[in-house]
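An overview of the molecular structure
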Amino acid sequence: MSNTLSTPLKMAPKVKPKAGRDDWVMRAFIIVIGLYLIVTLAFPLYAMLSKSVNTYAFDLSRFEIQINKGQGWSKPTTIAELNQQVKKHKPADLKTSSDGRLSVVDMIEGFSFRSPTLYRLRNTQDGGAFLNGSERVTDTQWHEFTSNKFRRVFLKPVGATGLDNFVQYFSNPSLFNSIFNSLFIAIVSMVITITLAFTFAYAMARSKMRFKGVFKIITMMPILVPSLLPGIALVYLFGNQGIFKFLMGDQTIYGPIGIIAGSVFFTFPHAMIIIQTSLSISDARLYEASDALGASKMKTFFTVTLPGARYGLISAAFVVFNLVITDFGLPKVIGGQFNVLAVDIYKQVIGQQNFEMGAVVSVVLLIPAMLAFTIDRIVQKKQTSQLSARSVPYEPKVNKRFDRIMFTYCAIVGAFILMVLLICQYAALIKFWPYDLSLSLTNYNFDVMDGGGWSSFTNSLKLAVMVSFIGTIVVFTGAYMVEKAPGFGFGRGVFQFLAMLPMAIPGMVLGLAYIFFFNNPDNPLNVIYGTLTIMVICTVTHFYTVTHLTSLTALKQMDKEFESVSASLKQPFYKLFARVTVPVCMPAILDISIYLFVNAMTTVSALIFIYSPDTTLASIAMLNMDDAGDIAPAAAMGMMIFYANATARLIHYLLSKRLYGTTQAWRTR
Amino acid sequence: MKKTIGSLIKGVALTSALVMSTSLTASAGELTVYTAIEAEDLKKYAATFNKDHPDIKIKWVRDSTGIITAKLLAEKNNPQADVIWGLAGTSLLLMKGEGMLQPYAPKGVEKLDKKFVDKSKPPAWVGMDAWVAAVCYNTVEGKKAGLVAPKTWKDLLKPMYKGKIIMPNPNSSGTGFLDVSSWIQMFGEEGAWKYMDGLHTNIARYTHSGSKPCKLAAAGEIPIGISFAFRGAKSKAKGAPIDIIVPEEGVGWEMEASAIVAGTDNEKDAKTLLDWSVSKKANEMYNAGYAVVAYPGVAKPVKFFPKNLLEKMIDNDFEKAANNRKRVLAEWQKRYDGKSDPK
């Protein structure tokens, strides 16, 4: 803006300001951080999408065969012709993935490996290949085989592009059934979590019960552990050797029941925060009016309370839906034979090495995730206009009976949350569940177990600190530039879109996309593949959206006048940024850094595909230990994550408190 | 100004420093080794090797067979590993077919049992030891549920075992695949699918790893875990109330093998490691956990290892197993994976 003052008057009949040095610097920042998002988000996703349309099929017309039954060599024919004669494979049978192999002798009528018949095989075009036993043959020469050798010849497929993978996916019931399974658990978990969380939030906002502070701390605890921790707790509570096994009857915890119970646990705090916010902004005048008009409590609840909280409820519902449908750790641990999409991606890639099909399942999982995200965004935009300046905050009155009921309810929910954590800690200290219940620390001997040992815990701390530090700088700077830079509408629009995108991308999808994009030898960035750097980048990108929105909210509270004043004082923008913006927004900046820290400690989904020997993480170690059957050590590691996060949260709390005394003193007069 | 711009620059510098320092490319004297050896043995293997070659540092990448195989295949065009030391023979045959292994005849390879060496000259891979399927049976939980210990594979089809058996998913576990592949070789392809159809109705669930079924049996989560003998022996040594049962029809087995990854930057050290891996000393080390090793005359009995196991090992055709792997796994998935309903 400073440039408008220095522009020569005679040249400026038009008022459109020319961008000055400050503006260009800010634009450069937007472009750099925007480019970061393009490289770490848009490109990998594109690589994944293009992988999903990579198809592999056996091209039988590429291979020629000659047969010698003792009367000299027959005329060369293609294998395609051979196949037509015996009608062995239909075109659909010839679809495969990159490491497919097809036996040749299956297409030869009356083949016997004992017969003296000789065979010659030739690959006619470059790029084709066949296997002689396990020897790969890629030349275009004739190769001769005895019958006994020829039975060991297999053809290799060639690549092409098309939608065949999707056709294959939807024609395989064991694959597409997962769509219904995933939707089923997401919807049921959503209904249960929202009901429980709403009642809890209602108790917090509308009762005068005691110990609200304690309840608040307890309900936030599930955020501090990976989603697979409740899965492990459920094994000890309701598994075949579980304490409460008798409650299960002939039902098994390994399956939808376990996934839903665990999902309710780990999504509860997310739903609570959103619903509580929407309940706390209700206007007391509406309740007074309802009371004055003689409406019953019930009627007030349905005509005032619920409608007032409706945006919060809808938003919370979709957040829960999204968290459950994209979660990988919990169904992996407790899902048993119940397949869901997120685990399918892992199984396709890790189990069958079918990367193309993994990409297809990723695309399928993207659809509900994107949809839920979009609806949530639309609803959230509507919520802002509910409070007016004349609103009076609602103050609950003492109602002994109501308060007691609410207290009992909250105590039960709180006890359940604590029980999940305590059982994990207890199981971690038991020597050999259930046969030797003496206490011991053997389960903490991570170094002799799968998963990377104690170094995976220190790696996690390292990752969390770096993600928190670098992420906060990148995100907040990006948000500042995009919020305060004048003009440059197009660039800002693109940036906003990119910044919102990560929230709609499930972690599994992002992780797989990273393999495709970064582990490509033609990509100059592939040097970071297998390093901690790529994990930091992946995690920052994965959690970009929420932190970006937090920054924007904080920045929007700052009047634009600051910029004008600073400009008129001829101060460069960075001085304003460092001396005013950052200190004023410090509480939000701290919130962002703790959010990134906690999530970096607990996340599994994206990083499961890109960790390397030097960069195993605590949460992934947990998963791998559980996978190998070392469930108690997995619980022990889970609790280590909890303690690390709880400590970080405590430090965050103390820092924020001190901050309010120093830079934030102006907020209270 | 100094503060913010300065910290930004620091951030960038930090990132680029990270790229430099954490890059995985192994330097001379350092080998990135991919393995599926049990985690508790890794340190011992490295330490024993380092006694003879203190100048070569081993960086382990350890995961279950399926995962390591997937990782190697994913990195086909950009290999991160220098050496594979201790991965299923079937997986190595698969990689040989993809042209991912560098053939090399380690010094002293002629002393090994021929079964354990790749037929190509020079061999693309060399075997170390064999791990053998077995059934872990929890006697305490079996008694509680009124079960009789099974003696054969076919016994497991009996209705009394309904929901009492856990086995590894062959799609992710090498042990699971060797079970399926051994049933195909013993019962014929058709007979094997019929057998597995029956077994499927008794299976409580399939696990991702091959050791988990035995660990779950050891912990009493399930009475019967189809796993491998070595895992059973270890759990039993820890005090788990389990018996290791060798089904009478015969048991599948798989060898662990080693190879140099084509395109390694550190061929010299890789060859040193491979030379050492076929030595008598190395084979004595393998013998601590495996009853069968590649070097004849080395094997000594392993504690709690079932005695009749060796006779029961089937005559395994690894190449056939590797070349049919994809088809068999796809068929398995179609039949048994995700068939379970949300009940």
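All values derive from a computational prediction rather than experimental measurement. (Residues numbered from 1 in each chain as written. Chains lettered and ligands numbered in written order. Predicted model: local features only at pLDDT ≥ 70, side-chain atom pairs only at ≥ 80, totals over all residues.)

1. A word on the overall build of chain A
A tally of helices and strands in chain A yields 26 helices and 13 strands. Looking at the 669 residues of chain A, the share that counts as buried comes to 48%. In chain A, 79% of the contacts between residues at least 6 apart in sequence involve partners at least 24 apart. (Helix = DSSP H or I, 4+ residues; strand = E, 2+ residues; numbered from the N terminus. Buried ≥ 20, exposed ≤ 12 C-beta atoms within 10 Å, placed from the backbone. Contact = placed C-beta atoms within 7 Å.)

2. Brief notes about the overall build of chain B
A tally of regular secondary structure across chain B gives 12 helices and 11 strands. Taken over C-alpha atoms, the radius of gyration comes to 22 Å for chain B, in line with the 20 Å a tight globule of 343 residues would show. Principal-axis analysis of the C-alpha atoms gives chain B an extent of 75 × 60 × 40 Å. Evaluated residue by residue, chain B yields a buried proportion of 54% over its 343 residues. If you take every contact in chain B between residues at least 6 apart in sequence, the share linking residues at least 24 apart comes to 76%. (Rg over C-alpha atoms; globule rule 2.2 N^0.38 Å.)

3. A look at the domain arrangement of chain A
Residue and element names in this part refer to chain A. As assigned here, chain A comprises domain 1 (2–47 + 451–667), domain 2 (57–159) and domain 3 (167–443). Tallying contributions element by element places helix α26 (residues 631–661) first for the side of domain 1 that touches domain 3, with 13 residues. Considered class by class, the residues forming the side of domain 1 that touches domain 3 number 21 nonpolar, 6 polar and 2 charged. (Domains from an automatic or database assignment. Nonpolar A, V, L, I, M, F, W, Y, C, P; charged D, E, K, R; others polar.)

4. Considerations on the confidence of the model for chain A
Residues and elements named next belong to chain A. For chain A, mean pLDDT is 88; residues scoring 70 or higher make up 95% of the total. Ranking the helices and strands of chain A by mean pLDDT puts helix α8 (residues 228–238) first, with 96, and helix α1 (residues 2–6) last, with 45. Note that pLDDT drops below 50 for residues 1–7; the model gives that stretch 14 contacts with residues more than four away or on any other chain. (pLDDT = per-residue confidence, 0-100.)

5. Notes on the domain arrangement of chain B
Residues and elements named next belong to chain B. Segmentation of chain B into domains returns domain 1 (21–128 + 255–301) and domain 2 (131–253 + 313–336). Between domain 1 and domain 2, the residue contacts involve 12 residues of the former and 13 residues of the latter. Of all the elements in the fold, those that place two or more residues in the side of domain 1 that touches domain 2 are α3 (65–74) and α4 (89–97). Element by element, the count of residues in the side of domain 1 that touches domain 2 is highest for α4, at 4 residues. Partitioning the side of domain 1 that touches domain 2 into residue classes produces 5 nonpolar, 6 polar and 1 charged.

6. Brief notes about the sheet that holds strand β3 (residues 77–78) of chain A
All names here are of chain A. The 4 strands lie next to each other as β3-β2-β6-β9, forming an open sheet whose pairing is antiparallel. Among the strands making up the open sheet, the edge pair consists of β3 and β9 (142–146). Sheet analysis places strand β6 (residues 118–123) next to β9, joined by 5 bridges and oriented antiparallel. Bridge pairing in β9 links R120 to E144. (Pairing = 2+ DSSP bridges.)

7. Some points on unusual backbone geometry
Leaving glycine aside, a negative phi is the common case for residues, and trans is the common case for peptide bonds. Residue A:P434 is bonded to the preceding A:W433 through a cis peptide linkage, with omega at -5°. By the element assignment, A:P434 lies in the loop between β12 (430–432) and β13 (436–439). In this chain, B:K121 is followed by B:P122 through a cis amide linkage whose omega measures -10°. Even without being glycine, A:K87 reaches a positive phi, approximately 50°.

8. Describing the pairing of strand β1 (residues 30–35) of chain B
Residue and element names in this part refer to chain B. Summarising burial for β1: 5 of the 6 residues are buried, a large majority. As judged from the 6 bridges shared by β1 and strand β2 (residues 57–62), these two strands associate in the parallel manner. Bridge pairing in β2 links L31 to I58. The handedness of the β1 to β2 crossover, carried by helix α2 (residues 39–52), is right-handed. Pairing geometry for β1 and strand β3 (residues 83–88), over 2 bridges, is parallel. (Right-handed = clockwise from strand over helix to strand, strands pointing away.)

9. So, helix α21 (residues 544–556) of chain A
Residue and element names in this part refer to chain A. Taking 1.5 Å as the rise per residue, α21 with 13 residues should run 18 Å; its terminal C-alpha atoms sit 18 Å apart, in good agreement. Within the sequence span of α21, burial applies to Y544, T545, T547, H548, S551, L552 and A554. Elements that come into contact with the buried residues of α21 comprise α17 (454–484), α18 (489–504), α20 (532–542) and α24 (586–602). (Expected span 1.5 Å × (residues − 1).)

10. A few points about the interface of chain A and chain B
Interface size is commonly expressed as the accessible area that is lost once the parts come together. The partner chain B presents 64 residues to the 66 residues of chain A that form the contact. Elements represented by at least two residues in the side of chain A that touches chain B include exactly β8 (135–137), α6 (173–206), α14 (341–351), α17, α20 and α23 (573–584) of chain A. Looking at the side of chain A that touches chain B, its residues break down into 29 nonpolar, 25 polar and 12 charged.

11. Observations regarding the nonpolar core
A:I275, A:C424, A:L512, B:V83 and B:A134 are the most contacted members of the largest nonpolar core, which has 289 residues in total. No other element matches the 14 residues that α17(A) contributes to this core. Beyond its immediate chain neighbours, meaning those up to four positions away, A:C424 contacts A:L229, A:I232, A:A233, A:A635, A:G638 and A:M639. A:L60, A:V104, A:I108 and A:F154 belong to the second largest nonpolar core, which has 20 residues in total. (Core = buried A, V, L, I, M, F, W, Y, C linked by C-beta atoms within 7 Å.)

12. What to know about the sheet that holds strand β1 (residues 54–57) of chain A
All names here are of chain A. If you walk across this open sheet you meet the 3 strands as β4-β1-β11, and the pairing is antiparallel. Either end of the sheet is taken by a strand with one partner, and the two such strands are β4 (95–96) and β11 (158–161). Strand direction decides the pairing type here: β1 and β11, joined by 4 bridges, are antiparallel. Counterpart to A57 in the pairing with β11 is V158.

13. Quick word on the pairing of β1(A)
In regular strands, side chains alternate between the two faces of the sheet. Where β1(A) lies against β4(A), 2 bridges are found, and the strand directions are antiparallel. Residue pairing across strands places A:Y56 opposite A:T96, the latter belonging to β4(A).

14. Things to note about the environment of A:S134
With respect to the element layout, A:S134 can be found in the loop between β7 (130–132) and β8. Look at A:S134 and you get buried, because 24 C-beta atoms sit within 10 Å. Along the backbone, A:S134 and A:R152 are 18 residues apart, and their C-alpha atoms lie at a distance of 8.3 Å. Filtering out sequence-adjacent residues up to four positions away, A:S134 remains in contact with B:L93, B:K96, B:G97, B:E319 and B:A322.

15. Describing the environment of B:S258
All names here are of chain B. Inspection of the secondary structure puts S258 in strand β10 (residues 253–261). The exposure class assigned to S258 is buried, which follows from the 25 C-beta atoms found within 10 Å. In sequence terms S258 and A88 are 170 residues apart; their C-alpha atoms lie 8.9 Å from each other. Those residues within four positions of S258 in sequence are excluded, and the remaining contacts are V83, I84, W85, G86, W125, V126, M128, L274 and S277.

16. Looking at the packing of helix α9 (residues 256–280) of chain A against helix α12 (residues 310–326) of chain A
All names here are of chain A. Orientation of α9 relative to α12, taken along the N-to-C sense of each, is 155°, at an axis distance of 9 Å. The orientation of α9 with respect to α12, classified from their angle, is roughly antiparallel. In this structure, α9 meets α12 at a crossing whose hand is right-handed. Contacts from S263, T267, H270, A271, I274, I275, T277 and S278 of α9 reach α12 at Y311, G312, L313, S315, A316, V319, V320, L323 and V324. When grouped by side-chain class, the residues that make up the contact of α9 with α12 number 10 nonpolar, 7 polar and no charged. (Axes fitted to C-alpha atoms, helices over the stretch in contact; angles between N-to-C directions. Parallel < 35°, antiparallel > 145°, perpendicular 65-115°, else oblique. Left-handed = near helix turned anticlockwise from the far one by under 90°.)

17. Section: the environment of A:L229
All names here are of chain A. With respect to the secondary-structure elements, L229 resides in helix α8. Here the alpha-carbon distance between L229 and M26, two residues 203 residues apart in the chain, equals 43 Å. With residues up to four places along the chain from it excluded, the contact list for L229 reads C424 and G638.

18. Considering the packing of α21(A) against α24(A)
All names here are of chain A. Between α21 and α24, the least distance of the axes is 9 Å, while the angle of their chain directions is 170°. The angle between α21 and α24 falls in the class roughly antiparallel. Contacts between α21 and α24 pair V546, T547, T550, S551 and A554 from the former with A588, D591, I592, Y595 and L596 from the latter. Grouping the amino acids of the contact of α21 with α24 by side-chain chemistry returns 6 nonpolar, 3 polar and 1 charged.

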